[in-house]
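For reference, the chains in residue letters:
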Amino acid sequence: MAKKGGSRHIKAIAAPRLWPIQRKSKVFVVKSMPGPHSLEMSIPLLVLLRDLLKEVKTIREAKKVIKTKKVLVDGKAVVDEKRPIGLMDVVSLPSYGKCYRITVDRKGRLKPIEIPKEEENLKIVKVIKKITVGKDKFGLTFHDGSYLELGSEFPVKVGDSVLVSLPDRKAMELLPFSAGSICFVFSGSSSGVIGKIIKIEPSSLKRRSIVEVETEDGKRIATVKDYVIIVGKDNVPKVKVL
């Protein structure tokens, strides 16, 4: 009988570069199932618990913790150990009294950072698509695959970010993509950098839109607009990202 479906695992050495895992000591690693994040921009929940957070030591232990609903992702219990976890996702471990946000380090790898309890119910999502669904009403698709409908009181554009509450995902504040906003670089050679947008150069037929960012130490960097996500305004990030 012919094999049906894709592979349930991949070779560790061929895993996406965003996975900060040991590639030579292990032959195979668990593969993410299709979900809110792409394979290249996410890591399986099981690998996150075992290899990054090191809250469990074995696959069996990780599955037991997950199947007993002791892990929350964006405020909701998850029972699939292969669920993809990506940028800005909030992973809570109530039994351990810990909560993490997924960001990116200076090498462009996914990195969980521990966040304070008061940020457990907050998440920033980037608008990647906008459609009209009715009079003065718009449908927004975000970078994590979620969808939300907002009225004209939120003048959102593609590229903007929205601060939402968890787990109900209600829009709390608009974070516009404009000069003066605080952004986080999650891809490219400047990944893992946070700073203020100084200048936005529009795209052309030959290149994509470029953003000039000033870091906290006064340095200025240039990166592609698609590589940044707005995380605050008025010089203050809305959530912890570093």
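This text goes with the structure placed above it.
This report concerns the structure included in the present document.

1. Things to note about the pattern of salt bridges
(1) Moving on: Taken as a whole, this structure holds 19 salt bridges when the rule is applied.
(2) Moving on: Through salt bridges with shared partners, a single network forms among Asp74, Arg83, Asp89, Lys123, Asp144 and Arg169.

2. Topic: the sheet that holds strand E13 (residues 161-165)
(1) Moving on: The 5 strands lie next to each other as E12-E11-E10-E13-E14, forming an open sheet whose pairing is antiparallel. Only two strands of the sheet have a single neighbouring strand rather than two, namely strand E12 (147-151) and strand E14 (171-175). The sheet shows a mean angle of 40° between the axes of neighbouring strands, direction not considered.
(2) Moving on: In terms of strand pairing, strand E11 (residues 137-142) meets E12 through 5 bridges, oriented antiparallel. Residue glycine 139 lies in a different strand from E12, and its bridge partner there is glutamate 149.

3. Quick look at the environment of phenylalanine 186
(1) Moving on: Examined against the element boundaries, phenylalanine 186 turns out to sit in the loop between strand E15 (182-185) and strand E16 (194-201).
(2) Moving on: When the C-alpha atoms of phenylalanine 186 and aspartate 105 are compared, they prove to be 8.1 Å apart, with 81 residues separating the residues in sequence.
(3) Moving on: Residues within four places of phenylalanine 186 in sequence aside, it is in contact with Met41, Leu87, Val104, Lys126, Ser191, Asp226, Tyr227, Val228 and Ile229.

Rules used in this analysis
- Residues numbered from 1 in each chain as written.
- Predicted model: local features only at pLDDT ≥ 70, side-chain atom pairs only at ≥ 80, totals over all residues.
- Heavy atoms only, no water.
- Salt bridge = Lys/Arg side-chain N within 4 Å of Asp/Glu carboxyl O.
- Pairing = 2+ DSSP bridges.
- Helix = DSSP H or I, 4+ residues; strand = E, 2+ residues; numbered from the N terminus.
- Axes fitted to C-alpha atoms, helices over the stretch in contact; angles between N-to-C directions.
- Contact = heavy atoms within 4.5 Å.

On their own, these measurements won't tell you what the molecule is for.
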